[in-house]
Amino acid sequence: MPPFDPQRIRADFPILDQQINGKPLVYLDNAATSHTPQQVIDASAAYYTKTNSNIHRGAHKLAREATLAHEAARSTISKHLNSKHEHEIIFTSGTTDGINLVSNTLSLSGKITAGDAVIISGLEHHSNIVPWQMLCERTGAELKIIPVLENGTLDIDHYHSLLDERVKIVAVSHVSNALGTINPVHEIIHAAREHGALVLLDGAQAAPHLKIDVQELDCDFYVFSGHKVYGPTGIGVLYGKENILTELPPWRGGGEMIKEVTFKHTTYNDLPFKYEAGTPDIEGAIALAAAIDYMNAIGMENIAAHEHNLQQRATKALMEIEGIRIFGTATEKAAVISFLIGDIHHYDLGTLMDQMGVALRTGHHCCQPLMARFNITGTARASFAAYNTNEEVDIFIEAIKKSARMLS
Ligand SMILES: *Cc1c(COP(=O)(O)O)cnc(C)c1O
């Protein structure tokens, strides 16, 4: 492996080579969606050019090949997450879908009933809030929230005080999408274990930046989305421990998730197919595996170190701007910077930045309760990926300074 070179990585991403409003595109919205390298686009095109066919039970060659490729993708993801078994990897349509699968099967299972409790945190994405609220409405369980401290970290002492035998599951993000905070998931999981609670980690923002080992973490569920790890939209992964997924009931009914169907009674398929009703996103799974291979060829540690440098460079320069407020100043932080300048509206800032070719995200980042915690309606957010460069950070900073001057 040659030394890490963002220019060489950039060359793999055709979408980056374009002008926006007459300026070179500087894409800093990676926490919303990252771009796909040619290797992933090729894997997807090759599937539709040579292999496309419905998987399982096909008597013909293409069906066999599509089945093999789909299951090879599962194997790639299992190795990447270090799951004990390949059948602990369930393909979903994304993080949101994975969390809904877990919350729905848990409520169907009767394992959570009135008087029980679910713990989430104050910095969750709406997709790790609303499914649990819905579960609590259905079951009569109580939703408890780990508060967020001023620096954007979780109040872990308070978390310990929320834990008791009523708590059935703790569902928290591994990394915050709005602030970049890396949560102390080992401590969270260990404490939940001592009270017999399950743990789900929302890994949507961790999977693009960190090496993940589900056995070492010892979480019960881990979810992430393809489109944030250089893969396609519409595909995601749910890891679940074999014994728990085996105990939980199926959720969606249909083809593929069954062993035998009569009008009197249906028996369900084994893992992982029990949770994969209907024709899956075959091409998406194959392209996602190509994206995982792509990240591993660069090396997760190299990606993390490079992004950390970009984040440090940008933070240092932003701090010099008058009236800047950076939200989320944890020492353990992924490559996300959320900020406001004076009383400039985040949307106005984002619009001006777009005119200068710089793509930021503005608004509440699907974290309205977190924004309320800081008494704001939203922030401007820059988020970095392996293909971003120091030069882009400098363009971003110059554009921010110019926008701030124009708007104040
Ligand atoms: C993006 C994101 C989600 C939702 O992912 P989808 O791909 O929209 O399902 C959930 N949690 C976090 C932390 C995210 O960043």
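Everything below is about the structure shown above.
Attention here is on the structure that accompanies the text.

Cut-offs and rules
Residues numbered from 1 in each chain as written. Predicted model: local features only at pLDDT ≥ 70, side-chain atom pairs only at ≥ 80, totals over all residues. Heavy atoms only, no water. Near = heavy atom within 4 Å. Polar contact = N/O pair within 3.5 Å; in protein donor to acceptor, adjacent residues only side chain to side chain. Areas by Shrake-Rupley, 256 points an atom, 1.4 Å probe, with all protein chains shown as cover. Nonpolar A, V, L, I, M, F, W, Y, C, P; charged D, E, K, R; others polar. Phe/Tyr/Trp six-rings, centres within 6.5 Å; stacked < 30°, edge-to-face > 60°. Helix = DSSP H or I, 4+ residues; strand = E, 2+ residues; numbered from the N terminus. Lys NZ or Arg CZ within 6 Å of the ring centre and 35° of its normal. Pairing = 2+ DSSP bridges. Axes fitted to C-alpha atoms, helices over the stretch in contact; angles between N-to-C directions. Contact = heavy atoms within 4.5 Å. Parallel < 35°, antiparallel > 145°, perpendicular 65-115°, else oblique. Left-handed = near helix turned anticlockwise from the far one by under 90°.

**Examining the site of the ligand**
Argument step 1. Within the structure, the ligand sits among T95, T96, H125, S127, N177, D202, A204, Q205, S225, H227 and K228.
Argument step 2. At 2.7 Å from an oxygen atom of the ligand is found a side-chain nitrogen or oxygen belonging to H227.
Argument step 3. One nitrogen or oxygen atom from the side chain of K228 is found 2.8 Å from an oxygen atom belonging to the ligand.
Argument step 4. Starting from 380 Å² of accessible surface for the ligand in isolation, the protein chains cover 86%.
Argument step 5. Grouping the constituent residues of the shell around the ligand by class yields one nonpolar, eight polar and two charged.

**Remarks on the packing of aromatic side chains**
Argument step 1. All told, the structure shown has eight aromatic pairs when counted by the stated rule.
Argument step 2. Between F327 and F374, the ring centres sit 5.5 Å apart and the planes meet at 70 degrees, which makes this aromatic pair edge-to-face. Residue F327 is located in strand β13 (residues 324–327), and its partner F374 is located in the loop between α13 (368–373) and β17 (379–383); the two are separated by 47 residues in the primary sequence.
Argument step 3. Grouped by ring-pair contacts, the aromatic residues F13, Y230, Y294 and Y387 constitute a single cluster.
Argument step 4. Between the NZ or CZ atom of R373 and the centre of the ring of F374, over which it lies, the distance is 4.8 Å.

**Description of the sheet that holds β17**
Whether parallel or antiparallel, the strands of a sheet pair through hydrogen bonds between backbone atoms.
Argument step 1. The strand order across the open sheet built from four strands is β13-β14-β17-β16, with neighbouring strands paired in antiparallel fashion. One side of each edge strand has no neighbouring strand; the edge strands of this open sheet are β13 and β16 (361–363). Across this sheet, the average inter-strand angle for adjacent strands is 30 degrees, counted without regard to direction.
Argument step 2. Across four bridges, strand β14 (residues 336–341) lies against β17 in antiparallel orientation. What sits directly across from I337, in β17, is A382.

**Describing the environment of V102**
Argument step 1. With respect to the secondary-structure elements, V102 resides in helix α4 (residues 95–109).
Argument step 2. If sequence neighbours within four positions are ignored, V102 has contacts with W132, I169, L200, F221 and L238.

**Section: the packing of helix α11 (residues 300–318) against helix α14 (residues 390–407)**
Argument step 1. Here α11 crosses α14 at 25 degrees, and the two axes come no closer than 10 Å. Classified by the interaxial angle, the pair formed by α11 and α14 is roughly parallel. Handedness of the α11/α14 crossing: right-handed. Residues L310, R313, A314, A317 and L318 of α11 touch α14, and the partners they reach there are N390, V393, D394, F396, I397 and I400.
Argument step 2. Residue classes in the contact of α11 with α14 are distributed as eight nonpolar, one polar and two charged.

Shape descriptors only; they carry no functional weight alone.
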